[in-house]
Amino acid sequence: MLRTTINSLSAHKLRTALSVLGILIGVASVIAMISVGQGATYDIRSRVESLGADLVTVSPAFRVGRAGVASTQITETFTLELADELSKAPAVRDVVPVIQTNGTIKYRDRNLQTTLMGVTPAYPSVVNYPVARGRFFSTQDLESYAKVLVLGSEVAQQLFPDEDPLGKEVVLERAGTRFLFTIIGVMTSKGQLGFGQYDNRVYLPVTTVARRITGDRTVNFYNLRVASADQVDEAIAQVEFILSRRISNPEDYRVRAQQDIIETVNQNAITMTFLLGGIAAIALLVGGIGIMNILLVSVVERTREIGIRKALGAKHRDILWQFLTESVFVSTLGGVMGLLMGVGVAALIASFSRWPLIIPSYAIFLALGFSLTVGLIFGVYPAARAARLDPVEALRYE
Amino acid sequence: MSPLRPLASQDGETMGELFHLEDVTKVYKMDEVEVRALDGVSFAIQRGEFLAIMGPSGSGKSTVMHLLGCLDRPTSGRMVLDGLDLLKASDNQLAEIRNAKIGFVFQQFNLLPRENALRNVETPAIYAGARRAERVRRAKELLERVGLGDRLFHFPSQLSGGERQRVAIARALMNDPAILLADEPTGNLDTKTGEEILALFQHLHDEGRTVVLVTHDQRVASYASRILHMQDGRILRDERVN
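From a predicted model like this one, the values you see are computed outputs, not experimental measurements.

All names here are of chain B. Read across the open sheet, the six strands follow the order S6-S7-S8-S3-S9-S10; overall the sheet is mixed. Pairing within the sheet leaves two strands with one partner each, and these edge strands are strand S6 (102–105) and strand S10 (234–240). Adjacent strand axes in the sheet meet at a mean angle of 20° when their direction is disregarded. Bridge count between strand S3 (residues 50–54) and strand S9 (residues 226–231): four bridges; the pairing is parallel.

See below:
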């Protein structure tokens with residue numbers, strides 16, 4: 001039986017190859033898409049997780065702007081003092097108030113637009129972000145409003161392509177005012193993380209920023225490190241209680257745990273994977289229609305052969321099987337080749353984007369199962385048509 | 001039980017009635033118009049007979065061939081092969097009967113173009129479910145008997161007309177059928193090759209096989225021992241020759 005299949009498929013090599021190609025592309029894209037979706041998810045998740053699941057962020061809500069008044073953050077009550085207040089919560093280990101502003105950093109003839117992050121010495125441990133070289137600023141620096149800063153790895157690389165930035169003096173320029181700062185450290189590389197690009201920032205004492213640069217004691221948000229990972233919910237409750245005494249409207253602030261963000265990322269990823277996989281599945285369906293098309297042509301062409309086989313004693317099911325075998329053979333061959341191709345494409349994309357190569361086993365079963373099913377479904381109709389042919393008519397066919 | 005009976009051992013089956021047709025009609029419906037291809041045909045074929053069915057085109061001889069070959073069922077009448085009522089047989093039963101009892105030889109040879117000579121001869125045994133070793137051995141034996149022992153692996157396109165028809169005859173004999181049914185077997189051959197093929201049928205008849213030739217050619221029919229003359233869907237004359 002298989003020999004008959006191979007014989008008739010090899011009689012039309014180009015035609016068979018094109019049918020196989022249709023399925024191959026479909027299966028390959030299903031595999032590649034699912035793998036890319038999974039890889040990207042894993043990447044984003046691992047970066048979010050690198051901050052630690054026990055990180056809690058307290059941020060002010062946005063006030064809706066109306067009638068020419070721009071939307072603003074509700075920051076009046078978000079002050080450096082509130083940070084001390086929040087750190088009294090028993091389930092909270094550290095609180096880092098963050099003032100975020102923009103400025104230009106200049107060294108000799110180079111300058112760079114960057115984000116200035118006013119933080120406290122606890123910051124590296126709170127967001128899991130250690131110093132690579134030099135040191136982070138100390139409590140002493142904080143108390144003395146020291147004009148020291150630590151560069152994100154990207155900033156260091158761009159501003160000092162072939163020099164050691166440690167100990168160098170740079171100019172910070174914000175709103176027309178210039179300040180002279182000394183570089184005391186360079187952070188490790190953390191990579192892109194959602195909306196926060198840690199590597200493109202500059203870190204300086206929050207007190208220095210408040211007093212010398214912005215002249216304002218309000219902060220943008222607080223990063224909180226929970227005492228232990230299983231106390232996240234407790235910490236949130238305590239923080240919300242403290243905030244409720246200061247801020248009457250609970251809509252005015254948001255307390256979010258890193259865990260929630262991870263869950264959101266996961267959910268988005270599932271949606272993305274299914275979307276990509278779904279689009280790829282359509283390609284597979286089109287491949288199936290290709291098989292059916294070719295098989296229908298083949299049935300007509302081989303009407304006489306079918307007549308001969310029937311005259312020699314082939315039953316309904318013999319003819320049905322013959323054509324169904326061809327269709328399933330083509331689709332399965334396409335499926336296996338598409339699997340290899342899909343893994344190859346996924347590996348290529350993964351290596352370019354430096355994602356991990358993840359091919360879930362369900363994707364393999366899905367792709368192979370789907371290609372087999374496509375072969376069966378789109379093979380049945382042409383095969384049944386062949387099997388139903390009247391032997392007398394079929395023998396007469398020229 | 002092997003589906004392949006040994007060759008040339010027809011003892012005990014060489015006598016008696018093989019085919020019985022009684023008042024058989026066949027009506028084709030073509031766009032509201034009824035065509036009466038057979039109009040009350042009755043005859044019987046005995047085992048071991050060499051019968052020719054003769055007539056011009058449109059006489060109904062092709063329809064008779066299709067009915068004898070179990071490719072089609074009559075519209076009405078009675079038709080029995082080897083004790084089996086063909087009017088009541090299902091499509092799959094007819095396929096089984098064709099496989100086991102009928103050996104076809106066609107004017108167009110009708111070999112499977114993508115299979116070699118050996119595979120072509122094997123095909124009826126494949127549908128009968130015979131084991132591979134057994135059917136290959138038998139197919140080789142049959143090809144040797146028709147003089148093609150050195151052409152086993154040639155494809156139809158590599159064979160001459162006469163050789164193709166010999167392959168077709170070997171294939172017809174594969175499942176040791178009760179009847180050899182040949183439709184204008186020399187129609188596409190030159191005179192000399194045609195005579196060789198007819199001599200082969202003669203030889204098979206001498207071995208005890210039942211042979212039915214359908215032809216419009218008097219010279220071909222003259223090989224038979226009985227000639228049925230047909231015209232307008234009826235039997236005109238049933239002639240015994242010696």
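Now, onward.
This part is about the nonpolar core. Core analysis: the largest hydrophobic core is formed by 69 residues, its most contacted members being Tyr-123, Tyr-203 and Tyr-222 of chain A. With seven residues, the top contributor of residues to this core is strand S4 (residues 92–107) of chain A. When sequence neighbours within four positions are dropped, the list of residues in contact with Tyr-222 of chain A reads Val-56, Thr-57, Val-58, Thr-77, Phe-78, Thr-79, Leu-82, Ala-83, Leu-86, Val-95, Val-96 and Pro-97 of chain A. In terms of nonpolar packing, the next biggest core, distinct from the first, is built from 40 residues, Ala-117, Leu-118, Ala-182 and Ala-224 of chain B among them.

Averaged over chain B, the pLDDT score is 90; the fraction of residues at 70 or greater is 93%. Below a pLDDT of 50 lies the segment residues 5–14 of chain B, which in the model reaches 20 contacts outside its immediate sequence neighbourhood of four places, other chains included.

All names here are of chain B. Here Asn-175 lies in the loop between helix H5 (161–173) and strand S7 (179–183). A relative accessible area of 7% means that Asn-175 is categorised as buried. From its side chain, Asn-175 meets the backbone oxygen of Asn-99 in a polar contact 3.0 Å long. A polar side-chain atom of Asn-175 sits 3.1 Å from the main-chain carbonyl oxygen of Pro-124.

Residues and elements named next belong to chain B. In spatial order, the strands read S2-S1-S4-S5; together these four strands make up an open sheet with antiparallel pairing. Both outer strands of the open sheet, strand S2 (33–46) and strand S5 (84–85), are each paired with one neighbouring strand and no more. The sheet contact formed by strand S4 (residues 76–81) and S5 spans two bridges and is antiparallel. Within S5, the residue paired with Leu-81 across the bridge is Leu-84. The strands touched by helix H1 (residues 61–68) are strand S1 (17–30), S2 and S4; relative to S2, the strand with the most contacts, the crossing angle is about 60°.

Moving on: helix H3 (residues 117–128) of chain B. A large share of H3 of chain B lies buried, amounting to ten of its twelve residues. Within H3 of chain B, the full set of buried residues consists of Ala-117, Leu-118, Arg-119, Asn-120, Val-121, Glu-122, Thr-123, Pro-124, Ala-125 and Tyr-127 of chain B. In the core, the buried residues of H3 of chain B are packed alongside helix H1 (2–11), helix H10 (303–311) and helix H11 (316–353) of chain A together with helix H2 (91–101), helix H4 (132–145) and H5 of chain B. Positive backbone phi, at 85°, marks Gly-129 of chain B, one or two positions downstream of H3 of chain B.

This part takes up the packing of helix H9 (residues 258–301) of chain A against helix H12 (residues 361–388) of chain A. All names here are of chain A. The geometry of H9 relative to H12 is characterised by a closest axis approach of 9 Å and an angle of 25° between their N-to-C directions. Overall, the two elements H9 and H12 adopt an arrangement that is roughly parallel. You can see that H9 and H12 cross each other, and the crossing is right-handed. Here Thr-273, Ala-281, Leu-284, Leu-285, Gly-288, Ile-289, Met-292, Leu-295, Leu-296 and Val-299 of H9 come into contact with H12, specifically with Tyr-362, Phe-370, Ser-371, Val-374, Phe-378, Gly-379, Tyr-381, Pro-382, Arg-385 and Ala-386. Grouping the constituent residues of the contact of H9 with H12 by class yields 15 nonpolar, four polar and one charged.

Calculation notes
- Residues numbered from 1 in each chain as written.
- Chains lettered and ligands numbered in written order.
- Predicted model: local features only at pLDDT ≥ 70, side-chain atom pairs only at ≥ 80, totals over all residues.
- Heavy atoms only, no water.
- Pairing = 2+ DSSP bridges.
- Helix = DSSP H or I, 4+ residues; strand = E, 2+ residues; numbered from the N terminus.
- Axes fitted to C-alpha atoms, helices over the stretch in contact; angles between N-to-C directions.
- Core = buried A, V, L, I, M, F, W, Y, C linked by side-chain atoms within 4.5 Å.
- Buried < 20%, exposed > 50% of the residue type's maximum accessible area, 1.4 Å probe, protein only.
- Contact = heavy atoms within 4.5 Å.
- pLDDT = per-residue confidence, 0-100.
- Polar contact = N/O pair within 3.5 Å; in protein donor to acceptor, adjacent residues only side chain to side chain.
- Parallel < 35°, antiparallel > 145°, perpendicular 65-115°, else oblique.
- Left-handed = near helix turned anticlockwise from the far one by under 90°.
- Nonpolar A, V, L, I, M, F, W, Y, C, P; charged D, E, K, R; others polar.

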